[in-house]
Structures are given as C-alpha cells and as structure tokens.
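So the chains spell out like this:
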Amino acid sequence: MTVAIDLRADLHAVQRALGGISREAPVIITRAINRTLTPVQARAAKEIAADLKLRQAAARKFLRVERATRRSLIGQVVASGRRIPLIQFGARQTAKGVT
C-alpha cells in the first residue's frame, strides 16, 4: 500500500508573497515542511497500527522521517519494507502452538 501526498508550489510566487523577506523563503518553507512531518508520522503510525492490529509504538518503528533542507525542499515519511516480527501482533507460544 502506497500513500503519497504531493504538494507543489511556485517558489517565485511564494517569494513575491513574502515581499521583503524573499531571500529567506527557502528557510521558511523548509521549516514549514519539517513541522508538518511530525503530525504526518503520527497519523501514519495510527493508521498502520489500526490496519495491522499493532500498537502505535510498534508501527512507528517502521517509519522514517526524511527532513527537508534549504537546497532540497522535499520532506517525506517513509515506511520501511522490513518484516514486522510476529511478536508485535501479540502472538504467544502455548502448549498447543502459537496463538
């Protein structure tokens, strides 16, 4: 399952809107992108945990945040393709087998 949100903005239009501080536009945009990544990661962990019947802490371990920089105005939350250990699903060893 892939979820992608792609927001594109004209950097020159943003600089014009900011007026006198247009030189600082990349810094302002970078901070806005990075500030947005934290709630996105939390929401993604919540959705993944609900879908897979995991704890949110377990789901969060498989998410990685790549922060934006002034040169690269791209920030993303990436879910790794690693396998989730069976124990994270609440499996327990019993005399009859694994439940």
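Everything below is about the structure shown above.
Predicted model only: the values in this text are computed from it and were never measured.

Caption draft 1: Representation of the overall build of the protein chain. Regarding its fold elements, the protein chain presents three helices and four strands. Each helix and strand of the protein chain, ordered N terminal to C terminal, gives the series α-α-α-β-β-β-β. The buried share of the protein chain, taken over its 99 residues, is 16%. Roughly 8200 Å² of accessible area belongs to the protein chain as shown, and the carbon and sulfur atoms make up 55% of that amount.

Caption draft 2: Focus on the pattern of salt bridges. The final tally for this structure, using the stated rule, is two salt bridges. With a shortest N-O distance of 3.1 Å, R43 and E47 are connected by a salt bridge. Of this pair, R43 and E47 both sit in helix α2 (residues 25-52), separated by four residues, roughly a single helical turn. Judged by relative accessible area, R43 falls into the exposed class, the value being 53%. E47 gets classed as partly exposed once you look at its relative accessible area, which sits at 44%.

Caption draft 3: Looking closely at α2. The end-to-end C-alpha distance of α2 is 40 Å, a good match for the 40 Å that 28 residues give at a rise of 1.5 Å each. Those residues of α2 lying buried are A25, P26, V27, T30, N34, L37, Q41, A45 and A49. The first or second residue beyond α2 is K53, which carries a positive phi of 60 degrees.

Caption draft 4: Representation of the environment of A32 in the model. For A32, the position within the fold is in helix α2. Note on A32: relative accessible area 44%, which makes it partly exposed. When the C-alpha positions of A32 and A68 are compared, they lie 9.3 Å apart, and in sequence the two are 36 residues distant.

Caption draft 5: Layout of a nonpolar patch on the surface. A cluster of nonpolar side chains, namely L52, L86, F89 and V98, defines an oily patch on the protein surface of about 360 Å² accessible area. On the basis of relative accessible area, L52 is assigned to the partly exposed category, the value being 32%.

Caption draft 6: Molecular detail of the side chain of N34. Note that N34 resides in helix α2. With a relative accessible area of 9%, N34 lands in the buried category. Setting aside chain neighbours within four positions, we find N34 in contact with R67 and A68.

Conventions adopted
Residues numbered from 1 in each chain as written. Predicted model: local features only at pLDDT ≥ 70, side-chain atom pairs only at ≥ 80, totals over all residues. Heavy atoms only, no water. Helix = DSSP H or I, 4+ residues; strand = E, 2+ residues; numbered from the N terminus. Buried < 20%, exposed > 50% of the residue type's maximum accessible area, 1.4 Å probe, protein only. Areas by Shrake-Rupley, 256 points an atom, 1.4 Å probe, with all protein chains shown as cover. Salt bridge = Lys/Arg side-chain N within 4 Å of Asp/Glu carboxyl O. Expected span 1.5 Å × (residues − 1). Patch = residues over 30% accessible without salt bridge, like charges linked within 9 Å, V, L, I, M, F, W, Y side chains within 5 Å. Contact = heavy atoms within 4.5 Å.

Read these as layout, nothing more, since geometry by itself doesn't imply function.
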